[in-house]
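Results of the structural survey
What follows is the residue order along each chain.
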Amino acid sequence: MCELNGLFGWQAEAGVSAGGDVDQFIGDAVMAVFLGGDDIAEKVFQCARELISAIRHEIVEEEWPLALGIGIHRGRAVVGSIGSAPRRDFIAIGPTGNLASRLCDRAEK
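Throughout what follows, the structure given in this document is the object of discussion. Note that residues are indexed from 1 along each chain, following the sequence as it is written. The predicted origin of the model limits local features to residues at a pLDDT of at least 70 and limits the giving and counting of side-chain atom pairs to 80 or more, whereas totals for whole chains, interfaces and linings rest on all residues. Side-chain figures throughout are based on the complete set of non-hydrogen atoms in the structure, without hydrogens or water.

Helix numbers and strand numbers start at the N terminus; a helix is a DSSP run of H or I with at least 4 residues, a strand a run of E with at least 2. Broken down by element type, the protein chain carries three helices and four strands. Helices and strands appear in the protein chain in the N-to-C order α-β-β-α-β-β-α. The reference for a compact globule is 2.2 Å times residues^0.38; the radius of gyration itself is calculated from the C-alpha atoms. Against the 2.2 N^0.38 benchmark of 13 Å for 109 residues, the protein chain shows a C-alpha radius of gyration of 14 Å, consistent with a compact globule. The principal-axis extent of the C-alpha atoms belonging to the protein chain is close to 40 × 35 × 25 Å.

The topology assignment puts Phe 34 in the loop between strand S2 (29–33) and helix H2 (40–61). Only protein chains enter the area calculation, which uses a 1.4 Å probe; residues under 20% of their type maximum are buried, those over 50% are exposed, and those in between are partly exposed. The class of Phe 34 is buried, set by a relative accessible area of 17%. Spatially, the C-alpha atoms of Phe 34 and Gly 15 are 8.5 Å apart, while their sequence positions differ by 19 residues.

Attention shifts here to the packing of helix H1 (residues 4–17) against H2. The convention used is that axes are lines fitted to C-alpha atoms, helices contributing only their stretch in contact, and that angles between N-to-C directions extend from 0 to 180 degrees. Packing of H1 against H2 leaves a shortest axis separation of 8 Å and a crossing angle of 150°. Classified by the angle between their axes, H1 and H2 sit roughly antiparallel to one another. Note that H1 runs across H2; the crossing there is right-handed. Side by side, H1 and H2 meet where Leu 7, Trp 10, Gln 11, Ala 14, Gly 15 and Ser 17 of the first sit next to Gln 46, Cys 47, Glu 50, Leu 51, Ile 55 and Glu 58 of the second. Broken down by class, the residue content of the contact of H1 with H2 amounts to six nonpolar, four polar and two charged. Each angle gets one of four labels, with under 35 degrees taken as roughly parallel, over 145 as roughly antiparallel, 65 to 115 as roughly perpendicular, and the rest as oblique. Each helix crossing is assigned a hand: it is left-handed if the near helix lies turned anticlockwise from the far helix by less than a right angle, otherwise right-handed if that turn is clockwise. Contacts: residue pairs with any heavy atoms within 4.5 Å of one another. All residues other than Ala, Val, Leu, Ile, Met, Phe, Trp, Tyr, Cys, Pro, Asp, Glu, Lys and Arg, Gly among them, are scored as polar; the first ten of these are nonpolar and the last four charged.

Tracing the backbone shows Glu 58 in helix H2. The sequence separation of Glu 58 and Leu 7 amounts to 51 residues, and the corresponding C-alpha distance is 9.9 Å.

Patch building starts from residues that exceed 30% relative accessible area and form no salt bridge, then joins like charges within 9 Å and nonpolar side chains (Val, Leu, Ile, Met, Phe, Trp, Tyr) within 5 Å. Using the Shrake-Rupley algorithm and a 1.4 Å probe, accessible areas are obtained, with residue cover drawn only from the displayed protein chains. Within this document, salt bridges are pairs made up of a side-chain nitrogen of Lys or Arg and a carboxyl oxygen of Asp or Glu, the two lying within 4 Å of each other. Residues Val 16, Val 22 and Phe 25 make up a contiguous nonpolar surface patch of roughly 250 Å² in combined accessible area. Within the secondary structure layout, Val 16 lies in helix H1. Take Val 16: its relative accessible area is 48%, and that puts it in the partly exposed class.

Before going further, it helps to examine the packing of aromatic side chains. Aromatic contacts are taken between Phe, Tyr and Trp rings whose centres are within 6.5 Å, Trp giving its six-membered ring; a plane angle under 30 degrees counts as stacked, one over 60 as edge-to-face, and the others as tilted. This model, assessed by the stated rule, comprises one aromatic pair. Judged by centre distance (4.6 Å) and plane angle (50°), the rings of Phe 8 and Phe 25 are tilted. With Phe 8 in helix H1 and Phe 25 in strand S1 (residues 21–26), this pair connects stretches of sequence that are 17 residues apart. Taking the relative accessible area as the measure of exposure, Phe 8 reaches 12% and is therefore buried.

To continue, consider the pattern of salt bridges. Tallied over the entire structure, the rule returns three salt bridges. Arg 87 serves as the salt-bridge partner of Asp 89, at 3.1 Å between the closest nitrogen and oxygen. A residue is classified by how much of its surface remains accessible, and Arg 87, at 56% relative accessible area, is exposed.

Structure below.
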């Protein structure tokens, strides 16, 4: 049976190892942010390839019924500490992240 924390672990590791930062966990997804640099597109695609490879391995080896959607979008975002006194998060928000999320949702179908 698929373990959610294991799935988060693969996603987070792929993002960090490719040079990104884990922004947040959303449902069964991880949002990673890649900031600056001339090779940013290559880093993002490296992350996507690692995720696809890890999920394919688990589907075959563990017979897990997993589906994977990846949404990639480049653009500006508001990045910072957002929330209230009892709970604050350091996140990226805005239309760029929203579109990436919608692409991810569509990619699963």
